[in-house]
Amino acid sequence: MAHARPRRRQRIQALVAAAMLLLSSALFTARLPLAAASARLPNTTARLLLFAGLPSSSPLRAFCPRARPSPATCSAFSSSATMAADNPLLVADFDFPPFDRVEPSHVRPGIRELLTQLEGELEELEKGVEPSWGKLVEPLERITDRLEVIWGMVDHLKAVKDSADLRSAVEEVQPDKVKFLLRLGQSKPIYEAFKAIRNSSDWESLNDARKRIVEAQIKEAVLSGVALEDEQREKFNQIEQELEKLTQKFSENVLDATKKFEKVITDKKEIDGLPATALGLAAQTAVTKGHENATAENGPWIITLDAPSYIAVMQHARNRALREEVYRAYLTRASSGELDNTDIIAQILKLRLEKAKILGYKNYAEVSMAQKMATVDRVEELLEKLRAASWDHAVKDMEDLKNFAKDSGSPEATDLTHWDLNFWSERLRESKYDINEEALRPYFALPKVMDGLFTLANKLFGVNVEPADGLAPVWHSDVKFYCVKDSSNSPVAYFYFDPYSRPSEKRGGAWMNVVFSRSRVLARNGLPARLPVAHMVCNQTPPVGDKPSLMTFREVETVFHEFGHALQHMLTKQDEGYVAGIRGVEWDAVELPSQFMENWCYHKDTLLSIAKHYETGETLPEEIYAKLVAAKNFRAGTFSLRQIRFASVDMELHTTYDPYGSLSIYDVDRRVAERTQVLAPLPEDRFLCSFSHIFAGGYAAGYYSYKWAEVLSADAFSAFEDAGLDNEKAIVETGRRFRETVLALGGGKSPLEVFVSFRGREPSPEPLLRHNGLLPVAA
C-alpha cells in the first residue's frame, strides 16, 4: 500500500535514527524483523551502517550481503523493503508460514518481487561460485528453499482454499516462476561447479548423502536442459512453460467438473438405502447451498461427486437409476464442454514426447525413469507378474457377485454392470462377513483414531505427538496443528492436519506435502538444524450436527497412509536439506512408509485401541475385528487389477503411444482394459480426463510406483510378522530399526540400500501377494 510522501520521510528519518541509536549503543544484537526495513533508506551510507549492525544470522543480510553491494541487489532490497510489511509472501523470516494472512492480492506482487530478489542472489552466486560445499551447495540451498517455501504456500492454498481470484493470480505469475526455475536449472556455472566436485580428488572423502546430492544435481541439470544450445534450449523452455500451464488447467477442470454436478433430491424414496451419515452430509450440503431448513430426516438432500457423497451412493443407494446417473457423471468428469480435458491430454502427451526427444530419450517414460529405482522393462515385468497373479481371482470375484445378486432375487443379476458392482459388493461383504461398514462408523471417531495412531507412533518409533493448536497460523478453522517430540521431550517436527471435505474450495483426494525440510544450513534459533514441518490433507466425512467425524474403515486407512508419508519427512536424521525426509528419495520408493503404515490398521492391539464407540466408549467387539481381518482380502484380485490398469495405461501412453497417430487415448485405455478389467469399460468411459495423478500430479510414467512401493512395504511389514506381532519387545525393536533406516536416512542413501539396511536382503514380491491373498499362505 502506498503512503503519502511526508509520512514516508518521517518513517525514513525515524528508521535511520533508530538504527544509528541501536548501533552506537551496541544494543543491536537481536534479529531485526523485516517489517522494520519497510521504508526506503535514503542513501548507501545509511544502508551500509544499518547492515553493518546486523548479526551474521540475520535474514536481512541476504538483501545486501557485501560491503560494496551490486546495484541490482540493493535495488531488490529497496523495492522489497517497502512491500514486505504489507505482503506476507515477502516476510523473509518466520517460524511458521503465515497461511492466515495470504490473500490472492498478495500473489502477483509478492511472487514477482521474490523472483527478482532470487534472480539477484543467483547472479551473485554464479559470479563467485566455487566447487566447494560452502560456496556452492549451501547458498544454492538457501535460494531454492526460499522459493519452495513461498511458492509452496501459494500452491497449497490453491489446493485447499481455491478461488477465482487466486487462480487468476497464480496463472499470471506461474510463467515467471517456471522461467526462474529454468534459468536456475540451466545455469552452466553451477552445473560445471557440481561436475568439478564430482571429478575432484576430494570426491571419495564426501559422505554418501553429499555424493547423492552432487549426482542428483548434475542429473537434474541435464534433465532441465543445461546441455541444450540456442534453438533447442528455447524450444525446451517453451515446452516447460506450456506443460505447466496445461497441467494447471487440467487440475482446475477436474475440480470445477466435480463441484458442477449437484443433484437435489426431495423424495426420500429416491435415496433409499443411504445410511444416516450420508443423509446427514447430503442435508448439510443442501444447507450450504441455500436450503436453510434441510434436515437428514426430511431433506432436501444434495448429492455431489465429492468422494464421501459419491461413494455412499455407489455402495448403498438401492435406486439403480440414481447409481447410474451418479456413476456416469463421475466417469465422464471434465470430458465435455468448456471443461473438456481431452485436448489438454493430447497436448500434454505431445509436449512430453517432444521434450524427451530433445533430451535424447526415446519416450517420456525414459525421462521419468532417469530419477527412479526402476526401468521401463522392470516395471512392465512387475506389472505383468502381478496381473497374472490377480486375473483368476478377479474373474472369481465377478462370478461370486453375479451369483450373489441372482440368489438375492435381484432383476439386475442378469445384467450386472459398473454402477452395480460397488452396491452388490457391499451387500456380499455384509452377507459373507457379517460386516456393515456404515455400522462401524460410530467406532471410528476421528479424535480417537488420531489418539490411537499417535500411540502406535510412540510404541514403534519412540515419539510423542502433542496438540499445538495456536502455535502456527492455519488456513481454515478445521485445521489442527501438532508437535512431534522425541523421548527427551524435545520437538523434532511439526505438522498440520486438514481432515474434512470442502468441495467448494478444496480438491479431492488425500496427500501429504512438505512445508519445511530439515536443514543444517537453514537452522534457526540456535538449533543445529531447522526442524521439518509437513501438512497432511484428507477429504473425509466432516462432523454432522453434534457428532464428531465418524470414519469409514477406508478413511482410517487413508489417515494412516498419509501419516506414514509425514513420518518419513519428520523423523529424518539427515541434516543436508536436499536429501532430508522425502527429498531426494526416488519417487517409486516414496510410498513405502505410507503403505507400510496401512498394515497396522489390521493389527489387533492397534485397531482395538482406536475402535471405541464415540457415545458409549465400548471397544469394537473382537468378533467384529476377526471379521474385518477375514474381509481384508475381499475382492483383492479386482482391486489389484484396478491399480494395474491405471499403471499400465500410464506406461503405455508414455512409451509406445503415438500422440500424433490415429489411435485415441481412449483406444489405448480400452486395449489395456481388455487384459486388466474383467468387465469391459463403457464405451463412454472417460476416466482419463480426471486422472490427475499423471496429468496434473507427479506420477506421469510413475503410477506404477504404488505397486512397486507396495512390494517394498509388504516386505517391510513382514519383518514385524517374522519377529512376532504378539511380541511387544520384538515389535519395539523392529520399529526402532525401521525408524533408524527407512525413516531416518531419507534420500541420503539409495532406496535399495536403505531397504537392505532394514530388512537384511533385497525385496521380494511374495509378501505382497501373500498379504493380498493372491498366493497360498505357507504352511
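Residues numbered from 1 in each chain as written. Predicted model: local features only at pLDDT ≥ 70, side-chain atom pairs only at ≥ 80, totals over all residues. Heavy atoms only, no water.

Per an unreviewed UniProt entry, the recorded name for the protein chain is oligopeptidase A, and the organism is Urochloa decumbens. For the protein chain, the Sequence similarities (unreviewed entry) comment in UniProt is given as "Belongs to the peptidase M3 family." Here is the UniProt Catalytic activity (unreviewed entry) comment for the protein chain, exactly as written: "Hydrolysis of oligopeptides, with broad specificity. Gly or Ala commonly occur as P1 or P1' residues, but more distant residues are also important, as is shown by the fact that Z-Gly-Pro-Gly-|-Gly-Pro-Ala is cleaved, but not Z-(Gly)(5)." (UniProt positions renumbered as here; feature names shortened; annotations may be inferred.)

> So what's going on with the sheet that holds strand E4 (residues 480-485)? Which residues, and what values?
Ordered in space as E3-E4-E5-E7-E6, the five strands form an open sheet in which the pairing is mixed. The two strands at the open ends of the sheet, each matched to only one other strand, are strand E3 (464-467) and strand E6 (511-516). With strand direction ignored, the average angle separating the axes of adjacent strands in the sheet is 25°. In this sheet, strand E7 (residues 533-540) lies alongside E6 in antiparallel orientation, the contact comprising five bridges. For Trp511, the partnering residue across the bridge sits in E7 and is Val537. Here helix H18 (residues 446-461) sits on the sheet and contacts E3, E4, strand E5 (491-500) and E7; the angle it forms with E5, its principal contact strand, is near 155°. (Pairing = 2+ DSSP bridges. Helix = DSSP H or I, 4+ residues; strand = E, 2+ residues; numbered from the N terminus. Axes fitted to C-alpha atoms, helices over the stretch in contact; angles between N-to-C directions. Contact = heavy atoms within 4.5 Å.)

> Break down the pairing of E5 for me, citing the residues and quoting the values.
Within E5, nine of the 10 residues are buried, which leaves the element mostly enclosed by the surrounding structure. Taking the residues that link successive antiparallel strands as the turn, the E4-E5 hairpin has five residues, and the phi of Asn489 there is positive, at about 70°. Pairing analysis gives six bridges linking E5 to E7, with the strands arranged parallel. Note that in E7 the partner of Phe495 across the bridge is Ala534. (Buried < 20%, exposed > 50% of the residue type's maximum accessible area, 1.4 Å probe, protein only.)

> Tell me what's going on with the packing of aromatic side chains, and back it up with residues and numbers.
Per the stated rule, a full pass over the model turns up 41 aromatic pairs. Here the aromatic rings of Phe646 and Phe691 are separated by 5.5 Å at their centres, their planes lie at 50°, and the arrangement is tilted. Of the two residues, Phe646 sits in helix H23 (residues 636-653) while Phe691 sits in the loop between helix H24 (665-676) and helix H25 (692-695), which places them 45 residues apart along the sequence. A relative accessible area of 11% places Phe646 in the buried class. (Phe/Tyr/Trp six-rings, centres within 6.5 Å; stacked < 30°, edge-to-face > 60°.)

> Which residues make up the nonpolar core, and what values go with them?
Considering soluble globular proteins, one finds that nonpolar side chains tend to be buried as a cluster. By size, the foremost hydrophobic cluster in this structure holds 169 residues, and its most contacted members are Phe461, Phe495 and Phe563. Element by element, the count of residues in this core is highest for helix H15 (residues 376-407), at 11 residues. Sequence-distant contacts of Phe461, that is, excluding residues within four places in its chain, are made with Leu567, Leu571, Phe596, Met597, Gly735, Arg736, Phe738, Arg739 and Leu743. Counting 63 residues, the second largest nonpolar core, distinct from the first, contains Leu115, Val170, Ile197 and Ala468. (Core = buried A, V, L, I, M, F, W, Y, C linked by side-chain atoms within 4.5 Å.)

> I'd love a proper account of the side chain of His156, names of residues and values included.
With respect to the helices, strands and loops of the structure, His156 is situated in helix H5 (residues 133-160). Those residues in contact with His156 that lie beyond four places of it in its chain are Phe99, Trp475, His535 and Val537.

> For the pattern of salt bridges, give the residues involved together with the corresponding values.
Applying the stated criterion to the full structure yields 64 salt bridges. Across the pair Arg198 and Glu215 runs a salt bridge whose closest N-O atoms are separated by 3.6 Å. Here Glu215 lies in helix H8 (residues 208-223) and Arg198 lies in helix H7 (residues 188-198), a separation of 17 residues in the sequence. Here Lys355 and Glu240 are joined by a salt bridge, their closest N and O atoms 3.1 Å apart. (Salt bridge = Lys/Arg side-chain N within 4 Å of Asp/Glu carboxyl O.)

> Before we move on, can you summarise unusual backbone geometry with the specific residues and values?
Along the chain, Gly299 connects to Pro300 via a cis peptide bond; the corresponding omega equals -5°. You can see Pro300 is positioned in the loop between helix H10 (276-288) and strand E2 (301-304). With a phi close to 50°, Ala701 is a non-glycine residue in the positive phi region. With respect to the element layout, Ala701 can be found in the loop between H25 and helix H26 (705-723). Ala701 gets classed as buried once you look at its relative accessible area, which sits at 0%.

> Which residues make up the environment of Arg736, and what values do they have?
For Arg736, the location among the structural elements is in helix H27 (residues 728-743). Taking the relative accessible area as the measure of exposure, Arg736 reaches 31% and is therefore partly exposed. C-alpha of Arg736 to C-alpha of Phe461: the two residues are 275 residues apart in sequence and 5.4 Å apart in space. Apart from residues no more than four positions distant in its own chain, Arg736 is found in contact with Asn458, Lys459, Leu460, Phe461 and Gly462.

> How would you summarise the packing of H15 against H23 if you had to cite specific residues and measurements?
Remark: H15 packs on H23, axes separated minimally by 8 Å, with the N-to-C direction vectors making an angle of 145°. Where H15 crosses over H23, the handedness of that crossing is left-handed. Between H15 and H23, the contacting residues are Val376, Val379, Leu383, Leu386, Arg387, Ser390, Trp391, His393, Ala394 and Asp397 on the first element and Ala636, Gly637, Thr638, Ser640, Leu641, Ile644, Ala647, Ser648 and Met651 on the second. The residue inventory of the contact of H15 with H23, partitioned by class, reads 11 nonpolar, six polar and two charged. (Left-handed = near helix turned anticlockwise from the far one by under 90°. Nonpolar A, V, L, I, M, F, W, Y, C, P; charged D, E, K, R; others polar.)

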